[in-house]
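Residue strings, one per chain:
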Number of protein chains: 2
Amino acid sequence: MADLENFEVQIHRYERVLVAVDSDDFGSSRPAFEYACTMAKMFHLPLGIVSILETGDLNIFQTLSRDVLSNQRTAVAHLLETYVEKAKNFGVLEVAPYLSEGKPGRTIVDSIIPMFKPDLLVVGSERKNNPNDIGSQASYMVRYAPCSVIVVRS
Amino acid sequence: MADLENFEVQIHRYERVLVAVDSDDFGSSRPAFEYACTMAKMFHLPLGIVSILETGDLNIFQTLSRDVLSNQRTAVAHLLETYVEKAKNFGVLEVAPYLSEGKPGRTIVDSIIPMFKPDLLVVGSERKNNPNDIGSQASYMVRYAPCSVIVVRS
């Protein structure tokens, strides 16, 4: 209590924002992306945009097919490029795209965050199945990311 | 993909911010509180501050003792008052305190959010036991709150 009495509120702002966009779910990615762009533009922050090709989503035959995987990679790369353009047109000055493959939550926490070093991670909330389903990948990131995490619900 | 190509990024801002402060954990409450105050001041938003007396933390003998409970209530009420003062001194214009009893996560989701109607809930991340422990109450709120939730890590 003594700590509380004596402290003075300081401005709390983030320095680097990373937003995860889901190539299969524009509905939940959009508000998260817009929030991340708004913060990045307003506070002049570098914005990382990450999309993960969920190779776990492909079945064994698809994985074996080079064409399918290659098409998926091209599609996700194009999607990411589109998000980068949208962010720049909105007025974000510094945008860094990240593309990887695997389980999104784990890949972002283990590989992308150590590279981009955000202090705020922005994720959308999946509501495919029921309104309380924030999605297993979002849950994973909320739990294991070393930085603050905002789950954006629309 | 067509949806993505055609959309134009809109400003995404919140309108009402609710921050949960833990009477037992100033360390994790502080950065959450400072973030909430910063957003509320900067965007001229009403700020709700909620503290829950965790009656589940009292053992049966303590619960039966009116004095212990009464002292706890007084302490939490004073703590909340202190946070309200700090927010006002920092420059937040509209501050609404909420005090209740029970399990924090459930009480905030079931009782406080329907009253204050925030579109952003700010919670701290407990790290009492290990760095990945965001706390069961924070987890509950991330999952069940009907609004966006930010877990602030310091």
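Scroll up for the structure.
We now turn to the structure provided with this report. Being a predicted model, the structure only gives us computed values, none of them experimental. (Residues numbered from 1 in each chain as written. Chains lettered and ligands numbered in written order. Predicted model: local features only at pLDDT ≥ 70, side-chain atom pairs only at ≥ 80, totals over all residues. Heavy atoms only, no water.)

Turning our eyes to something else, we now look at the overall build of chain A. In terms of regular secondary structure, chain A is built from six helices and five strands. Reading chain A from its N end, one meets helices and strands in the order α-β-α-β-α-α-β-α-β-α-β. The buried share among the 154 residues of chain A stands at 52%. In chain A, the share of contacts with a sequence separation of at least 24, taken over all contacts with a separation of at least 6, comes to 75%. Accessible surface for chain A amounts to roughly 7,400 Å². Of this, 50% is attributable to carbon and sulfur atoms. (Helix = DSSP H or I, 4+ residues; strand = E, 2+ residues; numbered from the N terminus. Buried < 20%, exposed > 50% of the residue type's maximum accessible area, 1.4 Å probe, protein only. Contact = heavy atoms within 4.5 Å. Areas by Shrake-Rupley, 256 points an atom, 1.4 Å probe, with all protein chains shown as cover.)

It is worth spelling out the packing of aromatic side chains at this point. This model, assessed by the stated rule, comprises 12 aromatic pairs over all chains. With 5.2 Å between their ring centres and 75 degrees between their planes, F7(A) and F26(B) make a pair best called edge-to-face. Within this pair, whereas F7(A) is found in the loop between α1 (2-6) and β1 (17-20), its partner F26(B) is found in helix α2 (residues 26-42), the two belonging to separate chains. The exposure classification of F7(A) matches that of F26(B), with both residues buried. Here the aromatic rings of Y14(A) and Y35(B) are separated by 5.5 Å at their centres, their planes lie at 50 degrees, and the arrangement is tilted. Placement of the pair is Y14(A) in the loop between α1 and β1 and Y35(B) in helix α2, with the two residues belonging to separate chains. Among the aromatic residues, those joined into a ring-pair cluster are F7(A), F26(B), F33(B) and Y83(B). Positioned above the aromatic ring of F116(A) is the side chain of R16(A), whose terminal nitrogen or guanidinium carbon lies 4.3 Å from the ring centre. (Phe/Tyr/Trp six-rings, centres within 6.5 Å; stacked < 30°, edge-to-face > 60°. Lys NZ or Arg CZ within 6 Å of the ring centre and 35° of its normal.)

So, on to the relation of the copies chain A and chain B. Under the fitted operation, chain A is carried onto chain B by 0.0 Å of movement along the axis and a turn of 180 degrees, and the coordinates agree to an RMSD of 0.0 Å. The transformation relating the two chain copies, once decomposed into turn and shift, fits a two-fold axis. Residues of chain A ranked by C-alpha distance from the rotation axis are headed by I150(A), positioned 2.0 Å from it. Most of the interface of chain A is mirrored in chain B: 100% of its interface residues are interface residues there too. (Least-squares fit on C-alpha atoms with pLDDT ≥ 70 in both.)

Counted at 1.5 Å a residue, the expected span for helix α2 (residues 26-42) of chain A with its 17 residues is 24 Å, and the 23 Å between its end C-alpha atoms agrees. Among the 17 residues that make up α2(A), 13 are buried, leaving the element largely enclosed by the rest of the structure. (Expected span 1.5 Å × (residues − 1).)

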